[in-house]
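# A closer look at the structure
Chain by chain, the residues:
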Amino acid sequence: FKGTVEALNILEDLSPVKINIESTSFPLSNIYSLIDKEVSPSPVMIESGQVEKIFINLEGLINSSQNGLEDIAIKSGFKVSALEILIPESENLGNINLSDINGEGFYQNGTLNYKINGALWNGTIQSDLKFNLSNLETEPLVESYNAKTRISEIDLASGEFKLPDKLTPTNGTLTGSINL
């Protein structure tokens with residue numbers, strides 16, 4: 001990572017801060033090896049992929065006497081290319097290739113909004129995620145979010161399925177949305 005950090009009057013109750021950092025490109029396996037140790041068994045195995053960049057821009061006032069993130073705005077994002085995953089629990093699905101996944105999010109006043117876009121089997125996936133992080137002391141994260149995912153023109157014949165030939169899709173597209 002490289003970037004800049006600016007902080008003034010850090011010993012005062014309110015301290016202005018500005019942070020801008022961005023990564024260089026690196027293999028996704030560097031992150032996956034850390035995640036794999038924390039989540040066992042892993043529901044998803046990352047076969048390959050390249051993180052093109054991760055960035056974080058933070059700006060605001062840090063309040064040392066109260067909740068330090070209350071007056072902070074954070075913009076973050078990422079771009080991943082050539083992601084290939086395997087879902088071990090699925091015996092009928094082969095490797096899944098996702099290309100050009102990118103996401104951008106914004107945190108302010110206890111709410112994180114994130115948009116993620118990607119390509120799968122000659123189609124697109126778009127997800128809008130909203131997390132209410134201000135209630136984490138009283139509510140689990142699972143009860144504090146909304147997610148809307150739209151899929152468009154997913155070409156089923158492009159997928160790798162481990163099915164008998166007579167059950168493997170030869171044509172057809174999938175379009176729709178999922179709300180959680």
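What this report covers is the structure whose coordinates are included nearby. Because the structure is a prediction, the values reported are computed rather than measured. The written sequence of each chain sets the order in which its residues are numbered from 1. Restriction of local features to residues with pLDDT of at least 70 applies here, the model being predicted, together with a cutoff of 80 or more for giving and counting side-chain atom pairs; totals for whole chains, interfaces and linings are based on all residues. To get the side-chain values, take all heavy atoms of the structure and skip hydrogens and water.

Before going further, it helps to examine the pattern of salt bridges. Counted as salt bridges are all cases of a side-chain nitrogen of Lys or Arg within 4 Å of a carboxyl oxygen of Asp or Glu. Following the criterion strictly, the structure yields 3 salt bridges and no others. Its salt-bridge partner being Glu-104, residue Lys-75 comes within 3.6 Å of it at the nearest N-O pair. One end of the pair, Lys-75, is in strand β5 (residues 71-86); the other, Glu-104, is in strand β6 (residues 96-108), with 29 residues separating them in the sequence. The exposure class of Lys-75 is partly exposed, given its relative accessible area of 34%. According to the relative accessible area criterion, Glu-104 is partly exposed, its value standing at 42%. Put simply, Asp-128 and Arg-150 hold a salt bridge, and the shortest N to O gap is 3.0 Å. Of this pair, Asp-128 sits in strand β8 (residues 123-132) while Arg-150 sits in strand β9 (residues 145-155), and the two are 22 residues apart along the sequence. Elements are defined by DSSP. Helices are runs of H or I of four residues or more, strands are runs of E of two residues or more, and each kind is numbered from the N terminus. Burial classification: accessible surface area is computed with a 1.4 Å probe over protein chains only, and a residue below 20% of its type maximum counts as buried, one above 50% as exposed, and the rest as partly exposed.

To continue, consider the nonpolar core. Considering soluble globular proteins, one finds that nonpolar side chains tend to be buried as a cluster. If you look at the biggest cluster of nonpolar residues, it comprises 13 residues, and the most contacted ones within it are Val-80, Leu-83, Leu-98 and Leu-120. Of all the secondary structure elements, the ones that give two or more residues to this core are β5, β6 and β9. With near-sequence residues (within four places) excluded, Leu-83 lies in contact with Leu-28, Ile-46, Ser-48, Gly-49, Ile-96, Asn-97, Leu-98 and Ile-101. Remark: nonpolar core denotes a set of buried residues (Ala, Val, Leu, Ile, Met, Phe, Trp, Tyr, Cys) joined through side-chain atoms within 4.5 Å. In this structure, Val-17, Ile-72, Ile-74 and Tyr-107 belong to the second largest nonpolar core, which totals 5 residues. Contact between two residues is taken to exist if any of their heavy atoms lie within 4.5 Å; hydrogens are not considered.

What follows deals with the packing of aromatic side chains. Pairing of aromatic rings covers Phe, Tyr and Trp, the last through its six-membered ring, and needs centres within 6.5 Å; plane angles under 30 degrees mean stacked, over 60 mean edge-to-face, and all others mean tilted. For the structure shown, the criterion picks out 1 aromatic pair. Arranged with centres 6.2 Å apart and planes meeting at 15°, the rings of Phe-78 and Tyr-114 form a pair that is stacked. Of this pair, Phe-78 sits in strand β5 while Tyr-114 sits in strand β7 (residues 111-120), placing them 36 residues apart in sequence. Residue classification places Phe-78 among the partly exposed positions, given a relative accessible area of 23%.

Moving on: unusual backbone geometry. The residue Asn-109 is not glycine, and still its phi comes out positive at about 50°. Located in the positive-phi region is Glu-153, a residue other than glycine, with phi close to 55°. For Glu-153, the location among the structural elements is in strand β9.

Scope: geometric values only; no functional claims are made or implied.
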